[in-house]
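As a plain string of letters, each chain reads:
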Amino acid sequence: MTEPCTLAVLVSGNGSNLQAVIDAVASGLLDAKIEVVVSNKPAAYALERAALSGIPTEVLEASETDRSVYDAKLAELVASYDPDLVVLAGWNRLLTQTFLSSQIVINLHPALPETFAGLGCIEKSYDAFQTGEVAEVGIMVHYVPDEGVDDGPVVASQIVPLSTSDSLQDYAARVHEAEHQLIVKAIETVGSELLG
Ligand code: GRF
């Protein structure tokens, strides 16, 4: 039997994707162990979700003006938990090489590869579909090898159904439901690549 893939999950907000990972681990669906949840926002509800499951939490607020100073502190903090993999699950801060060169990192992003980047991509995808600019919309998990924004080798992607009669709220709900499955699948894929 192989060891579970050890994870550091980085969050900034609600943490519904973190919850999906916690639940998949608890039910035995995912052979992984969350060593730590790190937030850059002290009020992130994700921290409560982690604490309720007995997972260590850390908060590292971004008061530094220099990104590399912050990222060096983050790298040191995450390294102290020695994870196999870092999962960005609703982490809203750009990371530099100072952090990225020290860990294997994947990011969950609510747009298909090579479509939309940055914040508000559920809305951007929805609007682009409604105006006919794109024919398909969806989500992805990708590696974060460098400082490219929401860009990197794709681990898994999924088209999320959308029709012209759907509201943005309908689409957003479907995106989140799909994300909760895809993040688990992506961790399983990367975990078995890393640990065999
Ligand atoms: C998700 O839509 C994710 O794709 C994006 O931020 C959102 C986080 O949601 N990067 P949650 O905090 O996991 O509920």
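Keep in mind the model is a prediction, meaning the values are calculated, not measured.

Draft legend 1. Inspection of the site of the ligand at higher detail. Neighbouring residues of the ligand: Asn-14, Gly-15, Ser-16, Asn-17, Gly-90, Leu-108, Pro-110, His-176 and Glu-179. A distance of 2.8 Å is found between an oxygen atom of the ligand and a backbone nitrogen or oxygen belonging to Gly-15. Residue Ser-16 places a side-chain N or O atom 2.6 Å away from an oxygen atom belonging to the ligand. Against a free-state accessible area of 370 Å², the protein chains account for coverage of 81% of the ligand. Among the secondary structure elements, those contributing two or more residues to the shell around the ligand are α1 (16-26) and α6 (168-195). Looking at side-chain class alone, the shell around the ligand contains two nonpolar, six polar and one charged residues.

Draft legend 2. Up close: the nonpolar core. Counting 45 residues, the largest nonpolar core has Leu-7, Val-9, Leu-18, Ile-34, Val-87 and Ile-187 as its most contacted members. Residues contacting Ile-34, with those up to four places away along its chain left out, are Leu-7, Val-9, Leu-18, Val-21, Ile-22 and Ile-55. In this structure, Ala-8, Leu-74, Val-86 and Leu-95 belong to the second largest nonpolar core, which totals 18 residues.

Draft legend 3. Quick peek at the sheet that holds strand β3 (residues 57-59). Pairing is mixed across the open sheet formed by seven strands, whose spatial order is β3-β2-β1-β4-β5-β6-β7. At either margin of the open sheet sits one strand with a lone partner, and together these are β3 and β7 (154-159). When strand polarity is set aside, the average angle formed by the axes of neighbouring strands in this sheet is 20 degrees. As judged from the four bridges shared by strand β1 (residues 5-11) and strand β4 (residues 85-88), these two strands associate in the parallel manner. Looking at the pairing, Ala-8 lines up with Val-86 of β4.

Draft legend 4. Main features of the layout of surface pockets. Considering only enclosed or pocket space, the largest pocket measures out at about 810 Å³ in volume. Residue lining of the largest pocket: 32 residues in total, with Gly-90, Trp-91, Asn-92, Leu-108 and Leu-119 positioned closest to the centre. Secondary structure elements with two or more residues in the lining of the largest pocket: α1, β5 (105-109), α5 (121-130) and α6. For the lining of the largest pocket, the leading source of residues is β5, giving three residues. Along the lines of polarity and charge, the residues of the lining of the largest pocket split into 12 nonpolar, 15 polar and five charged.

Draft legend 5. View of unusual backbone geometry. Here the phi dihedral of Glu-114 falls at roughly 55 degrees; this positive angle occurs in a residue that is not glycine. Along the chain, the position of Glu-114 falls in the loop between β5 and α5.

Draft legend 6. Focus on the side chain of Asn-17. Tracing the backbone through its elements, the reader meets Asn-17 in helix α1. Owing to a relative accessible area of 9%, Asn-17 belongs among the buried residues under this scheme. If sequence neighbours within four positions are ignored, Asn-17 has contacts with Ala-89, Leu-108, Glu-179, His-180 and Ile-183.

Draft legend 7. The packing of α1 against α6, seen in detail. Contact pair α1 / α6: the axes reach a minimum separation of 9 Å and the direction vectors enclose 55 degrees. Classed by the angle they form, the pair α1 and α6 counts as oblique. As α1 runs across α6, the sense of the crossing is right-handed. Counting all contacts with α1, which are made through Ser-16, Asn-17, Ala-20, Val-21 and Ala-24, the residues of α6 involved are Glu-179, His-180, Ile-183, Val-184 and Ile-187. Counted by class, the contact of α1 with α6 contains six nonpolar, three polar and one charged residues.

Thresholds applied
- Residues numbered from 1 in each chain as written.
- Predicted model: local features only at pLDDT ≥ 70, side-chain atom pairs only at ≥ 80, totals over all residues.
- Heavy atoms only, no water.
- Near = heavy atom within 4 Å.
- Polar contact = N/O pair within 3.5 Å; in protein donor to acceptor, adjacent residues only side chain to side chain.
- Areas by Shrake-Rupley, 256 points an atom, 1.4 Å probe, with all protein chains shown as cover.
- Helix = DSSP H or I, 4+ residues; strand = E, 2+ residues; numbered from the N terminus.
- Nonpolar A, V, L, I, M, F, W, Y, C, P; charged D, E, K, R; others polar.
- Core = buried A, V, L, I, M, F, W, Y, C linked by side-chain atoms within 4.5 Å.
- Buried < 20%, exposed > 50% of the residue type's maximum accessible area, 1.4 Å probe, protein only.
- Contact = heavy atoms within 4.5 Å.
- Pairing = 2+ DSSP bridges.
- Axes fitted to C-alpha atoms, helices over the stretch in contact; angles between N-to-C directions.
- 1 Å grid on protein atoms, 1.4 Å probe; cavity = no way out; pocket = protein on both sides within 12 Å on 5 of 7 lines; lining within 4 Å.
- Points joined across faces, edges and corners; volume = space filled by probe spheres on them.
- Parallel < 35°, antiparallel > 145°, perpendicular 65-115°, else oblique.
- Left-handed = near helix turned anticlockwise from the far one by under 90°.

Keep in mind these numbers describe shape, not what the thing actually does.
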